[in-house]
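Spelled out, the chains give:
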Amino acid sequence: MEENQYFEGYDAATQTIKGIHFLVLIDGDNSLDRTPEFTVKIYLYQPDKDPIFTKTYTLKNGIAHISRRDFANENVSLKELGIAPGMYRLGLYINAEKSFEEDMNDSAMLFKDPINIKKWSTNEPRGVH
């Protein structure tokens, strides 16, 4: 379902990842059952480093089994996070707080396109000195 999981771009001037689209799919065997409350976290990933969590969604009513929840046109500001320059990939961690038991092998995913955060994009705008 990669075609349903993408972002429109990174705006270096505002330090914002814009137009994030993704689905949260829930397995199960009875559409009348619901998961308990759980969290979905968006993060930045670099190999061999801890993920940088940037935004958390709490689904207070859970999701019905055998269904999905759509997220569209979400934006994530990195301005207050002090992100170091480098190449990152945007990721999702579903049921991040482990609110219910499940196969954790399919609870995280990375978006296809990388994000290049440059040194100048992490500083305040500079004027003429």
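> How do you make sense of the overall build of the chain when you look at a structure like this?
Within the chain, the regular secondary structure consists of zero helices and seven strands. Listed by position from the N terminus, the elements making up the chain come as β-β-β-β-β-β-β. Counting all 129 residues of the chain, 38% fall into the buried class. A separation of at least 24 residues holds for 66% of the contacts in the chain among residues at least 6 apart in sequence. For the chain, the exposed area adds up to about 8200 Å²; of that, 47% sits on carbon and sulfur atoms.

> I keep staring at the sheet that holds strand β1 (residues 9–11) and nothing clicks. Help me out?
Strand pairing in a sheet is mediated by backbone hydrogen bonds. Such pairs are either parallel or antiparallel. Across the sheet, which stays open at both edges, the three strands sit in the order β1-β2-β5 with antiparallel pairing between neighbours. Edge strands, defined here as strands with exactly one partner in the open sheet, are β1 and β5 (67–77). Mean inter-strand twist for the sheet, computed between neighbouring axes without regard to direction, equals 25 degrees. Taken together, the three bridges between β1 and strand β2 (residues 16–26) define a ladder with antiparallel strand orientation. Each bridged residue has a counterpart across the sheet, and for Tyr 10 the counterpart in β2 is Ile 17.

> Please clarify how the environment of Tyr 45 should be interpreted in this entry.
Along the chain, Tyr 45 falls in strand β3 (residues 38–45). When the C-alpha atoms of Tyr 45 and Met 87 are compared, they prove to be 8.7 Å apart, with 42 residues separating the residues in sequence. Once you skip the residues sitting within four places of it in the chain, Tyr 45 turns out to touch Met 87, Tyr 88, Arg 89 and Leu 110.

Rules behind the numbers
As a convention, each chain's residues are numbered from 1 in the sequence order in which they are written. Per-residue local features of the predicted model are confined to residues with pLDDT of at least 70, and side-chain atom pairs are confined, for both listing and counting, to 80 or more; whole-chain, interface and lining totals are unaffected and use all residues. Water and hydrogen atoms play no part in the side-chain values, which are based on all heavy atoms of the structure. To qualify as a helix, a DSSP run of H or I must reach at least 4 residues; to qualify as a strand, a run of E must reach at least 2; elements of each kind are numbered from the N terminus. Think of it in three bands: residues with accessible area under 20% of the maximum for their type are buried, residues over 50% are exposed, and the middle band is partly exposed, with areas taken using a 1.4 Å probe on protein chains only. The criterion used for residue contact is that any of the two residues' heavy atoms lie within 4.5 Å. Each accessible area is a Shrake-Rupley result for a 1.4 Å probe, and residues are judged covered by the shown protein chains and nothing else. Here a strand pair is declared whenever DSSP counts at least two bridges between the two strands. The angle between two axes is taken between their N-to-C directions and runs from 0 to 180 degrees, where each axis is a line fitted to C-alpha atoms and a helix contributes only its stretch in contact.

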